[in-house]
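The primary structure of each chain is shown beneath.
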Amino acid sequence: MSSHDPLDDYQCESMTFDDRAKDVYSKGSGPAVVIMTEIPGITPEVADFGRRVADAGFTVFLPDLFGTPGKPFSNGYAVRSIARACVSREFVAFAKAKSSPVTTWLRELIAEAHQRCGGEGVGLVGMCFTGGFALALAVDPLVKVPVMSQPSLPFGLTKAHRQDLGLSDDELAVVQERVATDDLCVIGLRFSEDPMVPRERFVRLRAELGDGFLGVEIDNSPPNPYDFPKNAHSVLTTEYRDDPDVPTKVANDLVIQHFLEKL
């Protein structure tokens, strides 16, 4: 288990949008990339992903959406964080065809990040609980590279939930228009056996976005060549390995390459 990360190499400031203040951790220079943390919060592995993006030539913005920044993952910590998030009015965990209210705050952060950093636009990474936010926020023309890493909402309670993309029909139509006219490419990452990210969700993304969706599904069925466990979930953080042949490293580099090309 990783130890607490003091995040000393990040700058922390409080940002207020939509009458709500949240701490945002940032580091690096160059065009902006907003990373929306996974459950349970800004773990050391999430912070390390931010460092890799910053080292590639970008300014990383990590908003503190839940949990305790720098605290390492544990099962109990994850359960407590997800319970709080599920009852929060900022997040939509179960409703279909609806984006979470916190995306309004995040859209303001995207605008602020772009104003500060310039470039062609902003990269956006959502993970797990926030994975689908990247798609909902792609209605904003400032978002040039939306990345959905293991998008888990809404929870797959029914067939309809498993196919749901976490945004309204009107928002989906805007994203489809951007794919057609703005050369937008939505990146999706998941492990093949991950029940938190139903296969049906990626099938629908391909049907709705066509060539505008780049879906990466990493085999973790037992046995697999890289010994990923059957419960593997976090592509860019927990299961990341700094080996050029490992699929999670390939996925990490694919994301960064898209940032370099588009931002």
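Computed from a prediction, not measured in an experiment: that's the story for all the values here.

What counts, and where the lines are drawn
- Residues numbered from 1 in each chain as written.
- Predicted model: local features only at pLDDT ≥ 70, side-chain atom pairs only at ≥ 80, totals over all residues.
- Heavy atoms only, no water.
- Axes fitted to C-alpha atoms, helices over the stretch in contact; angles between N-to-C directions.
- Helix = DSSP H or I, 4+ residues; strand = E, 2+ residues; numbered from the N terminus.
- Parallel < 35°, antiparallel > 145°, perpendicular 65-115°, else oblique.
- Left-handed = near helix turned anticlockwise from the far one by under 90°.
- Contact = heavy atoms within 4.5 Å.
- Pairing = 2+ DSSP bridges.
- Right-handed = clockwise from strand over helix to strand, strands pointing away.
- Disulfide = S-S within 2.5 Å.
- Buried < 20%, exposed > 50% of the residue type's maximum accessible area, 1.4 Å probe, protein only.
- Salt bridge = Lys/Arg side-chain N within 4 Å of Asp/Glu carboxyl O.
- 1 Å grid on protein atoms, 1.4 Å probe; cavity = no way out; pocket = protein on both sides within 12 Å on 5 of 7 lines; lining within 4 Å.
- Points joined across faces, edges and corners; volume = space filled by probe spheres on them.
- Nonpolar A, V, L, I, M, F, W, Y, C, P; charged D, E, K, R; others polar.
- Expected span 1.5 Å × (residues − 1).
- Arc of directions from axis to C-beta.
- Polar contact = N/O pair within 3.5 Å; in protein donor to acceptor, adjacent residues only side chain to side chain.
- Core = buried A, V, L, I, M, F, W, Y, C linked by side-chain atoms within 4.5 Å.

**Q** Is there a simple way to think about the packing of helix α1 (residues 44–55) against helix α8 (residues 247–262) in this case?
**A** One can describe the packing of α1 onto α8 by two numbers: an axis separation of 10 Å at closest approach and a directional angle of 45 degrees. Judged by the inter-axis angle, α1 sits oblique to α8. Remark: the crossing between α1 and α8 carries right-handed chirality. Of α8, the residues touching α1 (which contributes F49, R52 and V53) are N252, I256 and F259.

**Q** Whenever I open this one, the pairing of strand β8 (residues 213–218) confuses me. Can you help?
**A** Looking along a regular strand, one sees the side chains alternate between the two faces of the sheet. The sheet contact formed by strand β7 (residues 186–191) and β8 spans six bridges and is parallel. Its bridge partner being in β8, I187 is matched across the sheet by L214. Handedness of the β-α-β unit built from β7, helix α7 (residues 199–209) and β8 comes out right-handed.

**Q** What is the right way to look at the state of the cysteines in this model?
**A** All told, the structure shown has zero disulfides when counted by the stated rule. Sulfur of C117: no disulfide; nearest cysteine sulfur belongs to C12 and is 16 Å away. The partly exposed category is assigned to C117, whose relative accessible area is 23%.

**Q** Help me understand the pairing of strand β4 (residues 59–63) in this model?
**A** Buried residues dominate β4, accounting for five of its five residues. The sheet contact formed by strand β2 (residues 20–28) and β4 spans five bridges and is antiparallel. Counterpart to Y25 in the pairing with β4 is L62. Pairing geometry for strand β3 (residues 32–36) and β4, over three bridges, is parallel. Bridge pairing in β4 places V33 opposite V60. Between the parallel pair β3 and β4, the chain is carried across by α1, and the sense of this crossover is right-handed.

**Q** What is the right way to look at the pattern of salt bridges in this model?
**A** When the charged atoms of two side chains lie near each other, side chains of opposite charge can form a pair. Counting across every chain of the model gives 17 salt bridges. The salt bridge partner of R204 is E208, with a shortest N-O separation of 3.2 Å. In this pair, R204 and E208 both sit in helix α7, four residues apart, roughly one turn of the helix. A residue is classified by how much of its surface remains accessible, and E208, at 28% relative accessible area, is partly exposed.

**Q** What is the right way to read the sheet that holds β7 from this model?
**A** Note: strands within a sheet are paired through backbone hydrogen bonds, in either parallel or antiparallel orientation. If you walk across this open sheet you meet the eight strands as β1-β2-β4-β3-β5-β6-β7-β8, and the pairing is mixed. Because the sheet does not close on itself, it has two edges, and the strands there are β1 (11–17) and β8. Within the sheet, the average angular offset between the axes of one strand and its neighbour, ignoring direction, is 20 degrees. Contacting β2, β3, β4 and β5 (122–127), α1 crosses the sheet at an angle of about 160 degrees to β4.

**Q** What exactly am I supposed to notice about the layout of surface pockets here?
**A** Empty space among the atoms becomes apparent when a probe as large as a water molecule is rolled across them. When its volume is computed, the largest pocket comes out at roughly 620 Å³. The wall of the largest pocket is formed by 24 residues, among which F73, N231, H233, S234 and T238 lie closest to the centre. A total of four residues in the lining of the largest pocket trace back to one element, the largest contributor, which is helix α2 (residues 75–87). For the lining of the largest pocket, a count of residues per class yields 12 nonpolar, eight polar and four charged.

**Q** I would appreciate a short explanation of helix α6 (residues 169–181) in the present structure.
**A** One turn of the α-helix equals 3.6 residues, which is why residues spaced by three or four share an orientation. The end-to-end C-alpha separation of α6 is 18 Å, in line with the 18 Å expected for 13 residues at 1.5 Å each. Among all positions in α6, only E171, L172, V175, R178 and V179 are buried. Considered in projection along α6, the buried side chains sweep an arc of 115 degrees and stay on one side of the axis. Exposed side of α6, more than 90 degrees from the buried face: D169, D170, A180 and T181 are the residues found there. If you follow the buried residues of α6, they end up packed against α4 (133–136), β6 (143–149), β7 and α7. The positive-phi residue at the C-terminal boundary of α6 is D183, with phi of around 55 degrees.

**Q** How do you make sense of the side chain of S234 when you look at a structure like this?
**A** Looking at the secondary structure, you find S234 in the loop between β8 and α8. We classify S234 as buried; its relative accessible area is 7%. Reaching out from S234, the side chain makes a polar contact with the side chain of E38 at a distance of 2.9 Å. The residues contacting S234, other than those within four sequence positions of it, are E38, Q150, F191 and E239.

**Q** Whenever I open this one, the nonpolar core confuses me. Can you help?
**A** In a soluble, globular protein the nonpolar side chains are often hidden away together inside. V34, M36, L106, L135, V175 and L209 are the most contacted members of the largest nonpolar core, which has 45 residues in total. Examining the composition of this core, we find that six residues originate from one element, helix α3 (residues 102–117), more than from any other. Setting aside anything within four residues of it in sequence, one finds L209 in contact with L135, L172, V175, Q176, V179 and V186. Among the nonpolar cores identified, the runner-up in size contains 32 residues, and F58, V60, V147 and V235 belong to it.

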